[in-house]
2 protein chains.
Amino acid sequence: MSEFDLIARYFVRHAHPKNRATLGIGDDCALLMQEADTQTAISTDMLVEGRHFFVGADPYKLGHKALAVNLSDLAAMGAEPQAFTLAFALPRADEQWLEQFSAGLFALADMHNCELIGGDTTKGPLNICITIFGHTPVGQALRRDTAQIGDDIWVSGTLGDARLALGALREEYPLNAAALEAACVRLHTPQPQVALGLALRGIAHSALDVSDGLIGDLGHILKKSAVGATLQVDALPLGTALQQQTLEMRRRFSLAGGDDYELCFTAPASKRDAVLGAALSAATSVTRIGVIEAAPGTRLIDGDGKPLALQLASFDHFA
Amino acid sequence: MSEFDLIARYFVRHAHPKNRATLGIGDDCALLMQEADTQTAISTDMLVEGRHFFVGADPYKLGHKALAVNLSDLAAMGAEPQAFTLAFALPRADEQWLEQFSAGLFALADMHNCELIGGDTTKGPLNICITIFGHTPVGQALRRDTAQIGDDIWVSGTLGDARLALGALREEYPLNAAALEAACVRLHTPQPQVALGLALRGIAHSALDVSDGLIGDLGHILKKSAVGATLQVDALPLGTALQQQTLEMRRRFSLAGGDDYELCFTAPASKRDAVLGAALSAATSVTRIGVIEAAPGTRLIDGDGKPLALQLASFDHFA
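About the cut-offs
Residues numbered from 1 in each chain as written. Chains lettered and ligands numbered in written order. Predicted model: local features only at pLDDT ≥ 70, side-chain atom pairs only at ≥ 80, totals over all residues. Heavy atoms only, no water. UniProt positions renumbered as here; feature names shortened; annotations may be inferred. Helix = DSSP H or I, 4+ residues; strand = E, 2+ residues; numbered from the N terminus. Contact = heavy atoms within 4.5 Å. Axes fitted to C-alpha atoms, helices over the stretch in contact; angles between N-to-C directions. Left-handed = near helix turned anticlockwise from the far one by under 90°. Nonpolar A, V, L, I, M, F, W, Y, C, P; charged D, E, K, R; others polar. Pairing = 2+ DSSP bridges. Domains from an automatic or database assignment. Buried area = accessible area lost by both parts, 1.4 Å probe. Salt bridge = Lys/Arg side-chain N within 4 Å of Asp/Glu carboxyl O. Buried < 20%, exposed > 50% of the residue type's maximum accessible area, 1.4 Å probe, protein only. Right-handed = clockwise from strand over helix to strand, strands pointing away. Least-squares fit on C-alpha atoms with pLDDT ≥ 70 in both.

A. Here's a closer look at the UniProt feature "binding site: Mg(2+) 4" (unreviewed entry) in chain A. UniProt annotation of "binding site: Mg(2+) 4" (unreviewed entry) refers to A:Asp28, A:Ser43 and A:Asp73 when read in the numbering used here. The greatest C-alpha distance among the annotated residues, which extend across 46 residues, is 26.3 Å, indicating that they are dispersed rather than converging on a single site. Structurally, the position occupied by A:Asp28 is in the loop between strand E1 (21-23) and strand E2 (30-32). Residues within four places of A:Asp28 in sequence aside, it is in contact with B:Ser43, B:Asp73, B:Ala76, B:Met77, B:Arg144, B:Ala207, B:Leu208 and B:Asp209.

So, in structure tokens, the structure goes:
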């Protein structure tokens, strides 16, 4: 099967209902229209076999996850999904793989009304690179550098189950079947918090998505906003499977697990009801886990308010 | 060196003079503003080691080429370069490689006033994925599906030297040192025809960039425009190194060589002076090589107008 047949068979779709791209796949570039007074939010993520997913990973779930991690970046900016490009390298043109991958990809894309507008396919070690486009009214994006002293720190959903699944799949520890299944759902098919991100515009002062571990990711907000934080470690919302594990695992995986794709955001205490209302409208949960302070650094405290000294490292691809 | 150190050291630059991106590297998304009544042209290309470039390729030239192939897609749409994202997988954090790669990348980016606004770095088999953004006034983009019967077919610059270099480097045939050097410049550091693309807005009916071989790429215009063509094979402008080769090589590499990154475009005969003026303003050459006709397919003729039957295949990554 030729490259052009591949593209035609699995990735060229009929005109999107909203048809925001004036010109989609099949020319040198796609052409995208923007409404007046909006900004385009752009993010790109590359997923590598053996690094971001296991060799032989389920292609349907991989298609889902490849787009989900990009949608999560839009969510973290409070941007509405619009379109994406897909470039990927494949060892060979495997029709069954492509059929499943594209099915998983488009199921999530359709859920978020996000149109595939272009791409590139080539032969090579399996690698998936998606660049995604969303839009926000000018000045309303949720940034990292705008946390304010006194802000509450919040996190959406639950943390740590994806990391728990990863360790079990790597045979670092055993998990019972029910826990493994629940945790694997979080690892393989994360649900980006797009609706929450949109609902938090005008409420949150700052936001990002938790992809490399809460403590490291929160550190980006602190550094860019030139502030510090105190975190109540035992207030972190734990994934259902993680709740059954040891205290050490609960703390470690919720604080520094990675692959959560939840939103961490800050908002003034005066907006607590508004934050809870935003979560309700987005059909998700949010938990208040700390406070932004002037003193640099992150102070961890336990349920009794006592300082905790934990050795934790954020996930780093070249560490 | 950590991922964040890498990004900071080689890829985060001071604010771009024109500062079109409201927010660049360092948040979940970049934010891009567009002027009213413009469309955003978007293209993505993935380059894989051992497939698009040799193992151990010069990183400076690789940085140049990775961006050049994307700029060429903007050129083919008549879009003005604006910004790009860079995602790449590297086997290891090699500082010398990164320094050279980023130098080659930014030298070309600066030449075209194109700003790096975001990216992703990860560990993995060497793979470079750039997504590029440009803009055109609404309705003025140069498309593939708008060639008209009677249009002249034109090509910019010269063809075939990149393919000639590739064959020599693969030891398919010997080349003398001067020819090899000239041909390698075309293979490793193509110069995208951005200025010509902009100058052809309002003149050309259709355009694309020649990346997979002229005859295959022209075929996309023909198919999408539902027309055919006659091509004068011996009128094709040959690269300086290719001019010294056999007739068979001259024809094969100019027609189906690949990696030329020239523009192939069609324009009405009434616009011949305007086309030549556009080329002059862009400081490049253009050559008239054929005509668009109603009958489907591509007819090849020699210098005497006699039909040529050549067996040629466009480059295809999964053929």
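B. Region of interest: the packing of helix H2 (residues 59-77) of chain B against helix H3 (residues 95-111) of chain B. Residue and element names in this part refer to chain B. Contact pair H2 / H3: the axes reach a minimum separation of 6 Å and the direction vectors enclose 35 degrees. Along this stretch, H2 crosses H3, giving a crossing that reads as right-handed. Contacts from Pro59, Tyr60, Leu62, Gly63, His64, Leu67, Ala68 and Leu71 in H2 reach Trp97, Gln100, Phe101, Ala103, Gly104, Leu105, Ala107, Leu108 and Ala109 in H3. When its residues are assigned to classes, the contact of H2 with H3 shows 13 nonpolar, four polar and no charged.

C. Molecular detail of the side chain of A:Ser225. Counting through the fold element by element, A:Ser225 comes out in helix H7 (residues 214-225). Here A:Ser225 is in contact with A:Arg144, A:Asp145, A:Thr146 and A:Ala147, once residues within four sequence places are set aside.

D. Up close: the sheet that holds strand E9 (residues 228-232) of chain A. Residue and element names in this part refer to chain A. The six strands lie next to each other as E8-E10-E7-E11-E9-E12, forming an open sheet whose pairing is mixed. Of all strands in the sheet, those with a lone pairing partner are strand E8 (206-210) and strand E12 (297-301), marking the two edges. Geometrically, the sheet is characterised by an average inter-axis angle of 25 degrees between neighbouring strands, direction not taken into account. The sheet contact formed by E9 and strand E11 (residues 286-293) spans four bridges and is antiparallel. If you follow threonine 230 over to E11, its bridge partner there is valine 291.

E. Seen up close, the domain arrangement of chain A. Residue and element names in this part refer to chain A. Examined at the domain level, chain A breaks down into domain 1 (3-28 + 36-137) and domain 2 (152-301). Taking only C-alpha atoms, the centre of domain 1 and the centre of domain 2 are 25 Å apart. Listed as interface residues are 21 residues of domain 1 and, on the opposing side, 20 residues of domain 2. Interface of domain 1 and domain 2: buried area, both sides summed, is about 1600 Å²; carbon and sulfur atoms make up 66% of it. Joining domain 1 to domain 2, the criterion identifies one salt bridge. Those elements that provide at least two residues to the side of domain 1 that touches domain 2 are helix H2 (59-77), strand E4 (80-90), helix H3 (95-111) and strand E6 (127-137). The residue makeup of the side of domain 1 that touches domain 2, split by class, is eleven nonpolar, six polar and four charged.

F. Main features of the UniProt feature "binding site: Mg(2+) 1" (unreviewed entry) in chain A. Residue and element names in this part refer to chain A. With numbering aligned to this structure, UniProt lists the feature "binding site: Mg(2+) 1" (unreviewed entry) at Thr44, Asp45 and Asp120. Residue classification places aspartate 45 among the buried positions, given a relative accessible area of 18%. Here aspartate 120 is to be found in strand E5 (residues 115-123).

G. Here's a closer look at the pattern of salt bridges. Under the defined criterion, the tally for this structure stands at 22 salt bridges over all chains. For A:Glu293, the salt bridge identified is with A:Arg299, shortest N-O distance 2.8 Å. Classification of A:Glu293 as partly exposed rests on a relative accessible area of 24%. Judged by relative accessible area, A:Arg299 falls into the partly exposed class, the value being 28%. Linked by salt bridges that have partners in common, A:Asp27, A:Asp28 and B:Arg144 make up one network.

H. How the structure looks around the pairing of strand E4 (residues 80-90) of chain B. All names here are of chain B. With ten of its eleven residues buried, E4 lies for the most part within the structure. Pairing between E4 and strand E6 (residues 127-137): nine bridges, direction antiparallel. From the neighbouring strand, threonine 85 faces E6, where its bridge partner is threonine 131. Pairing geometry for E4 and strand E5 (residues 115-123), over eight bridges, is parallel. Paired with alanine 83 across the bridge in E5 is glutamate 115. Handedness of the crossover is the feature at issue here: the chain leaves E4, passes through H3, returns alongside E5, and the resulting connection is right-handed.

I. Summary view of the relation of the copies chain B and chain A. In screw terms, the move from chain B to chain A is a rotation of 180 degrees and a rise of 0.0 Å along the axis, fitting with an RMSD of 0.0 Å. Expressed as a symmetry operation, the mapping of one chain copy onto the other fits a two-fold axis. The overlap is high: 98% of the interface residues of chain B also sit at the interface in chain A, so the same surface is used on both sides.

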